[in-house]
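# Close look at the chain arrangement
What follows is the residue order along each chain.
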Amino acid sequence: MTDGFLRVASVSPRVKVGDVATNVDRIIAEMQRLEALGVEVAVFPEMCITGYTCADLFHNRTLLDAARSGLDKIAGVADGMSLDVIVGLPMLRGGAVRNCAALLGQGAPQIVEKTYLPQYNEFYEGRWFAPAQNAVDAPSLLSTHGVCIGIEICEDLWVPLPPSCHQALAGAKVIFNLSASDDVAGKYAYTRQLISQQSARLLCGYVYSSAGFGESSTDLVFSPKNIIAECGRIMSESDHMDSHAEYHEAIADIDIMAIERDRMHMTTFHDCAVREGNATELPEDSCQGAITETPPAYRNVDPHPFVPHDDNAIDERCTEIVFIQESGLAQRLSAIGCRTLTVGISGGLDSTLALLVAVRTFDRLGLDRKGIIGVTMPGFGTTDRTYHNAMELMQLLGITIREVPIAEAVMQHFSDIGHDPAVHDVTYENSQARYRTMLLMDIANQTGGIVLGTGDLSELALGWATYNGDHMSMYGVNAGVPKTLVKYLVRWFAMRASSERERTVLLDIIDTPISPELTPADSEGNIKQKTEELVGPYELADFFLYYMLRYGFSPRRVYLLARKAFSGVYTDEVILRWMRKFYQRFFTQQFKRSCLPDGPKVGSVCLSPRGDWRMPSDASVAIWLKEIDSL
């Protein structure tokens, strides 16, 4: 294990039924290739030494002896490698032939027997094999490269309570499955789903290898299936319909540290282990192994972990999130009998999203859209672009529009407190933000409604909000939405716009630079104050936020992943600079999150002090910054 990652492989070479020597040579050739790729554990298919479809030949002593000799040959090769391998073969044990898996590496082979033998439809394993001798509720745990693992064989996964359940509860972080699953229409998709769900339920890695080309086609057809999953996500898989390759494989770096963290954080996992009697002698948690600070080669690290990969997934995610936002706001309005709300509209992404959600909510409740009071409050930094977009969007959506310029009132405020308006400091900026919030609150009182907050998750993490200014509302509908996802949500609305003009306005809002517009525009009237130049790119901030909160990773590990995710986009120096800024702001701005308004959680990361995140406002960031400075 290196940097907390275990590199695993699932391999399916072509097989010759009954030809042990040929099969062993192919397995050894694959081992040598995988060793060169830095793979630490590789699993081969069920009965890969002999072939799965030997049928009554499994009771022929010649085949059994050849299989044992083949195993010894593979073990001799493995003994000189850093690679450990898991292979399948028939073995005479306890007076009966058993379907076995052998873990080979340093020392004697470690044998695991198949627990459940299928004896239905096309399967007749009970004719040749006896089931495992060891009790199911006493799982045998194995260790490789500092990681506790479990092994099950094919049918074991398909039963109501697979052996891997007990193995995981007893401490196994990765489950390896040797399989020989024939092809039936629709079966591959089901198998893939089964593997994904088992890895999710057990909070583990799951590495599956199934027999493929070369197996007898007398009555059945076998194609190679290599699937690697981690905590519900498919990490790597082969093309099981590619009939030309001599071998099929999937390779991935399994994140053992993430698995350990999830099991620690999800307290019911340990409770279940105790209840099932599997936690009496849990193995010590593994360390991160060798430290190289080299990003994992066989792991895709998404630079935008909050955003799905493809268009269909994005559409599904946006549909679900908008439904959650809409449902939360609808419940709040219904619970308090409110028929109006006030929202500040700046022409930026966040206020646009909040307004669009409010409109859908009013439509859902059968309320007149005129009950939504959109207030635009142009100030010293408001540009023509954002002003016109704000006004036109409100007109297109048919809500009540109020325009309240704030410059004159804020200048009076500067005079009252003795502030020089030529000094564009925090007082200059926050005075505008607080005055705008006061206006919204008073208009809400005046109209018998509530103020709808617009701030998003990323701003809450960075503390990029004026305390008791835009930080405050009666309901923060965007509180659970990270900035990198906001634009996709607005685009989702744009694609469903009721008119081409509405779509055009929304798309222009998406393309507008992110800014609070609290300092004057440049000489050409363009936005001068750009948020990402002050707190860093939001895609970096969201990346840091995700791995810090979702997995509790250290800065060192977040940096390791960020280097892989943003390779060619940001230099290491830039990543570290903004990482330091992120941690510093995250800790010092907790006091703003400690008194957040209500708002719906929409994803796995949330900063509500009543929900996912409780942290003292005066916690020290020293040890985190010390680690960052050492990188």
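Our subject is the structure listed above.
Residues numbered from 1 in each chain as written. Predicted model: local features only at pLDDT ≥ 70, side-chain atom pairs only at ≥ 80, totals over all residues. Heavy atoms only, no water.

## Focus: the environment of D350
Definition in use: Helix and strand definitions here come from DSSP, where helices need a minimum of 4 consecutive H or I residues and strands a minimum of 2 consecutive E residues; each element is numbered from the N-terminal end. A simple rule labels every residue: compare its accessible area, found with a 1.4 Å probe on the protein chains alone, to the largest value its type can have, and call it buried under 20%, exposed over 50%, or partly exposed in between. The criterion used for residue contact is that any of the two residues' heavy atoms lie within 4.5 Å. Nitrogen and oxygen atoms within 3.5 Å of one another constitute a polar contact, given that in protein one can donate a hydrogen and the other can accept it, and given that sequence-neighbouring residues count only through two side-chain atoms.
On the secondary structure map, D350 appears in helix α8 (residues 349-365). On the accessibility criterion, D350 (9% relative accessible area) is buried. The spatial distance from the C-alpha of D350 to the C-alpha of I509 is 10.0 Å, given a sequence separation of 159 residues. If sequence neighbours within four positions are ignored, D350 has contacts with T454, D456, E459, N478, K483 and V486. Polar contacts involving the side chain of D350 include one to the side chain of K483, which spans 2.8 Å.

## What about the environment of C595?
Structurally, the position occupied by C595 is in the loop between α19 (590-593) and α20 (622-629). On the basis of relative accessible area, C595 is assigned to the partly exposed category, the value being 29%. Separated by 14 residues in the primary sequence, C595 and P609 place their C-alpha atoms 7.3 Å from one another. Leaving out residues up to four positions away in the same chain, C595 has contacts with Y467, H471 and M472.

## Comments concerning a negative patch on the surface
This is how it is decided: Residues enter patches when their relative accessible area tops 30% and they take part in no salt bridge; the joining distance is 9 Å for like charges and 5 Å for the nonpolar side chains Val, Leu, Ile, Met, Phe, Trp and Tyr. The accessible surface values rely on the Shrake-Rupley method and a 1.4 Å probe; as for residues, cover is taken only from the protein chains in view. Every case where a carboxyl oxygen of Asp or Glu lies within 4 Å of a side-chain nitrogen of Lys or Arg is listed as a salt bridge. Charge assignment in this entry is limited to Lys and Arg as positive and Asp and Glu as negative, and neither His nor the chain termini are counted. For charged residues, the charge sits on one atom: NZ in Lys, CZ in Arg, CG in Asp, CD in Glu.
A cluster of acidic residues, D310, D311, E316 and E320, forms a negative patch at the surface. Structurally, D310 can be placed in the loop between α6 (267-275) and α7 (311-336).

## Thoughts on the pattern of salt bridges
Counted by the stated rule, this structure contains 34 salt bridges. Between D253 and R7 there is a salt bridge whose closest N-O contact spans 2.7 Å. One end of the pair, D253, is in strand β12 (residues 247-255); the other, R7, is in strand β1 (residues 5-13), with 246 residues separating them in the sequence. Considered together, D253 and R7 belong to a single accessibility category, that of buried residues.

## Quick notes on the pairing of strand β14 (residues 372-376)
Using the following cut-off: Paired strands, as defined in this entry, are two strands with at least two bridges between them according to DSSP. Call a crossover right-handed when, viewed with both strands pointing away from you, the route from the first strand across the helix to the second goes clockwise.
Buried residues dominate β14, accounting for five of its five residues. A two-sided burial pattern is seen for β14, the buried positions comprising I372, G374 and T376 on one face and I373 and V375 on the other. Sheet topology places strand β13 (residues 341-344) next to β14; four bridges connect them, and they run parallel. Paired with V343 across the strands is G374, a residue of β14. Once you follow β13 into α8 and on to β14, the crossover reads as right-handed. Between β14 and its parallel partner strand β15 (residues 400-403), the chain crosses via helix α9 (residues 384-397), and the hand of that crossover is right-handed.

## Some points on the packing of helix α17 (residues 555-565) against helix α18 (residues 572-588)
Our working definition: Axis geometry follows a simple rule: fit a line to the C-alpha atoms, using only the stretch in contact for helices, then measure angles between N-to-C directions, giving values from 0 to 180 degrees. Roughly parallel covers angles under 35 degrees, roughly antiparallel covers those over 145, roughly perpendicular covers 65 to 115, and oblique covers all other angles. In this scheme the handedness of a crossing depends on how the near helix is turned from the far one: anticlockwise by less than a right angle means left-handed, clockwise means right-handed. Following the grouping adopted for this structure description, the nonpolar residues are Ala, Val, Leu, Ile, Met, Phe, Trp, Tyr, Cys and Pro, the charged ones are Asp, Glu, Lys and Arg, and the polar ones are all others, Gly among them.
In the contact formed by α17 and α18, the axes pass within 11 Å of each other and the chain directions differ by 140 degrees. Judged by the angle between their axes, α17 and α18 are oblique. When the axes of α17 and α18 are compared, the crossing they make is right-handed. In contact with P555, V558, Y559, A562 and R563 of α17, α18 contributes D572, I575, L576, M579 and Y583. When grouped by side-chain class, the residues that make up the contact of α17 with α18 number eight nonpolar, no polar and two charged.

## Thoughts on empty space enclosed by the protein
Applied cut-off: Space inside and on the surface of the protein is sampled on a 1 Å grid over the protein atoms alone, with a cavity defined as a set of points where a 1.4 Å probe fits but cannot get out and a pocket as an open set with protein on both sides within 12 Å along at least 5 of 7 lines; lining residues have an atom within 4 Å of a point. Grid points are joined across faces, edges and corners, and a volume is the space filled by probe spheres set on the points.
Counted by the stated rule, this structure contains five cavities of 30 Å³ or more. Roughly 150 Å³ of volume is contained in the largest cavity. Around the largest cavity, the lining is made up of 16 residues, and of these G455, L460, D470, H471 and L596 lie nearest the centre. Of the residues assigned to the lining of the largest cavity, the class counts are six nonpolar, six polar and four charged.

## A few points about α17
By the criterion of burial, α17 is predominantly enclosed, with eight of the 11 residues buried. Taken residue by residue, α17 has P555, R557, V558, Y559, L560, L561, A562 and A565 as its buried positions. In this structure, the buried residues of α17 make contact with β1, β12, α5 (256-265), α16 (538-549), α18 and α20.

## Topic: the packing of aromatic side chains
So the rule is basically this: Pairing of aromatic rings covers Phe, Tyr and the six-membered ring of Trp, with a centre-to-centre limit of 6.5 Å; geometry is then stacked below 30 degrees between planes, edge-to-face above 60, and tilted otherwise. For a ring to carry a charge above it, either NZ of a lysine or CZ of an arginine must fall within 6 Å of the ring centroid while also lying within 35 degrees of the normal to the ring plane.
Counted by the stated rule, this structure contains 26 aromatic pairs. Between F414 and Y428, the ring centres sit 5.6 Å apart and the planes meet at 20 degrees, which makes this aromatic pair stacked. Of this pair, F414 sits in helix α10 (residues 407-417) while Y428 sits in helix α11 (residues 426-447), and the two are 14 residues apart along the sequence. The exposure classification of F414 matches that of Y428, with both residues buried. These aromatic residues form a ring-pair network of at least three members: F306, F543, Y546, Y547, Y551, F553, F566 and Y570. The ring of W158 has K187 sitting right over it, with the charged end atom 5.7 Å from the ring centre. One residue, K483, lies across the ring of Y538, its end atom 5.0 Å from the ring centre.

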